[in-house]
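Residues per chain, in single letters:
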Amino acid sequence: MSSSTLDRLRGIYHQSFFELIQQARGVFLDHWKDDTVQLCTLLSIKTGGCSEDCGYCAQSSHYSTGVEGGKLMPVEEVMESARNAKSVGAQRFCMGAAWKGVREGDPRFDSVLEIVRQVSTLGMEVCVTLGQLTEGAARELKKAGVTAYNHNIDTSPEHYSRIVTTHTFQDRLNTIRHAQKAGMSVCCGGIIGMGETEDDRLKMLEVLTNFDPPPESVPINCLSPIVGTPLEGQSPVDVFELVRLIATTRIAIPKARVRLSAGRTNLSREAQALCFFAGANSIFYGNKLLTAQNPLPDEDMKLLGELDLHPKDSVLK
Ligand code: SAM
Ligand code: DTB
Ligand code: SF4
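These figures come from a predicted structure and were not determined experimentally.

A. Representation of the environment of Tyr63 within the structure. Relative to the helices and strands, Tyr63 resides in the loop between β1 (36–46) and α3 (75–87). For Tyr63 and Lys33, which are 30 residues apart along the polypeptide, the C-alpha to C-alpha distance reads 45 Å. Filtering out sequence-adjacent residues up to four positions away, Tyr63 remains in contact with Asp53, Cys54, Gly55, Cys57, Gly228, Thr229 and Pro230.

What follows is the structure, encoded as structure tokens:
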């Protein structure tokens with residue numbers, strides 16, 4: 001990791017606000033032929049009871065958040081949600097599990113593989129986020145039909161151990177490497193609003209920028225503060241800091257889908273419009289994220305229509 005990448009990111013991020021978003025818009029237009037927004041629907045296929053202590057997470061068993069630990073959802077229930085997502089226009093279906101990780105040979109992992117095989121028949125992009133992956137598990141997911149693996153680095157290397165102690169930043173990088181080696185696209189981003197500095201955010205972006213290959217998608221989540229977690233009292237993210245980070249991400253990783261992720265329920269329509277102008281071109285679509293609320297699908301369609309943005313080619317038949 002060269003310090004020059006970080007210096008370059010700082011230079012981009014701290015230029016005057018309008019120069020920054022104008023530059024980001026230019027980079028967007030150079031790399032993306034149309035104004036499409038990818039709609040990605042999330043489903044929690046195994047909720048809560050997680051062994052990890054991620055300080056932001058409703059699903060960690062270390063905190064009393066009111067989210068109960070559940071079992072892996074049966075394949076038919078997952079298929080019902082996936083068909084429904086497709087029928088309302090989602091192009092990507094992302095399934096999340098509150099696990100530290102998965103390995104080959106575990107019967108629960110075999111069930112996930114069967115879920116992936118079935119969901120991938122629907123024609124949407126298939127993304128999963130299951131925690132840490134061995135190389136073998138990554139290969140099996142790819143073979144079953146996964147197109148992208150979501151595994152966020154979440155914050156800077158320096159800030160990470162203040163947020164999570166049950167695994168390391170390096171563990172996250174190892175899993176990302178395994179997913180890449182298996183030929184899956186990597187969806188990797190982070191959360192802002194966890195007490196980090198703006199420079200921490202740029203250090204996170206520095207790590208993402210230096211991935212080889214760069215991430216196919218970069219989710220930028222604003223912390224959705226969960227009562228019962230150590231981060232429950234964090235102040236909301238400043239919207240112009242969010243826009244600056246999105247613009248800098250667009251410039252640093254031009255070909256990535258930059259996904260305006262958790263926390264949109266706290267953003268005005270105008271703030272979201274600025275995020276799209278600055279280079280965001282994907283959202284989570286559906287009234288629920290994993291456990292937290294998301295804007296209603298009808299409201300999102302209305303907003304996209306008002307901004308003359310179009311959902312990426314729908315796979316609706
Ligand atoms: N267990 C897997 C893992 O840790 O990668 C997958 C699920 S985990 C919930 C997926 C991602 O959701 C996290 O890496 C984090 O970026 C995001 N996330 C979780 N809780 C959040 C919150 N309260 N606010 C914003 N983003 C959150
Ligand atoms: C990502 O970066 N954000 C999504 C998805 N990847 C898995 C998850 C957001 C979770 C928000 C909190 C919740 O729903 O519990
Ligand atoms: Fe939540 Fe994933 Fe951390 Fe488990 S590993 S506590 S599900 S973010």
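B. View of the site of ligand 1. With respect to spatial proximity, 17 residues lie near ligand 1, and among them Tyr56, Asn152, Asp154, Arg172 and Ser224 are the closest. The separation between an oxygen atom of ligand 1 and a polar side-chain atom of Arg172 is 3.0 Å. Between ligand 1 and Ser224, the relevant distance is 2.9 Å, taken from a nitrogen atom to a main-chain nitrogen or oxygen of the residue. A total of 550 Å² of accessible area belongs to ligand 1 in isolation, and the protein chains cover 89% of it. Cavity membership is defined here by more than half of the atoms lying within 2 Å of grid points; on that basis ligand 1 lies in the largest cavity.

C. Molecular detail of unusual backbone geometry. The peptide bond linking Asp212 to Pro213 adopts the cis configuration, its omega dihedral lying at 0°. The phi torsion at Asp154 lies on the positive side, around 70°, for a residue other than glycine. Turning to its location among the elements, Asp154 is positioned in the loop between β6 (148–150) and α6 (157–163). Asp154 gets classed as buried once you look at its relative accessible area, which sits at 3%. A positive phi is found at Asp308, a non-glycine position, where the angle reads about 55°. Here Asp308 is to be found in the loop between α11 (297–306) and β12 (310–311).

D. Structural detail: the packing of aromatic side chains. Within this structure, the stated rule accounts for four aromatic pairs. Between Phe17 and Phe18 the ring centres are 5.5 Å apart and the planes differ by 85°, which places this aromatic pair in the edge-to-face class. The class for Phe18 is exposed, based on a relative accessible area of 63%. Owing to a relative accessible area of 16%, Phe17 belongs among the buried residues under this scheme. Taken together through their ring pairs, the aromatic side chains of Phe17, Phe18 and Phe240 make up a single cluster.

E. Fine view of helix α10 (residues 269–277). All of the buried residues in α10 are Ala271, Gln272, Cys275 and Phe276. Considered in projection along α10, the buried side chains sweep an arc of 145° and stay on one side of the axis. Each element contacted by the buried residues of α10 is listed here: β1, α9 (239–252), β10 (257–260), β11 (282–284) and α11. Just beyond α10, the residue with positive phi is Gly279, at close to 130°.

F. Looking closely at the nonpolar core. Counting 92 residues, the largest nonpolar core has Met95, Leu130, Leu141 and Leu242 as its most contacted members. A per-element tally of this core places α9 first, with seven residues. When neighbours within four sequence positions are excluded, Leu130 is seen to be in contact with Met95, Ala97, Trp99, Lys100, Gly101, Val102, Phe109, Val112, Leu141 and Tyr149. Listed in part, the nine residues of the second largest apolar core include Cys94, Ala262, Phe284 and Ala292.

Procedures and definitions
Residues numbered from 1 in each chain as written. Chains lettered and ligands numbered in written order. Predicted model: local features only at pLDDT ≥ 70, side-chain atom pairs only at ≥ 80, totals over all residues. Heavy atoms only, no water. Helix = DSSP H or I, 4+ residues; strand = E, 2+ residues; numbered from the N terminus. Contact = heavy atoms within 4.5 Å. Near = heavy atom within 4 Å. Polar contact = N/O pair within 3.5 Å; in protein donor to acceptor, adjacent residues only side chain to side chain. Areas by Shrake-Rupley, 256 points an atom, 1.4 Å probe, with all protein chains shown as cover. 1 Å grid on protein atoms, 1.4 Å probe; cavity = no way out; pocket = protein on both sides within 12 Å on 5 of 7 lines; lining within 4 Å. Sits in = over half its atoms within 2 Å of the grid points. Buried < 20%, exposed > 50% of the residue type's maximum accessible area, 1.4 Å probe, protein only. Phe/Tyr/Trp six-rings, centres within 6.5 Å; stacked < 30°, edge-to-face > 60°. Arc of directions from axis to C-beta. Core = buried A, V, L, I, M, F, W, Y, C linked by side-chain atoms within 4.5 Å.

Nothing here speaks to function; it is all geometry.
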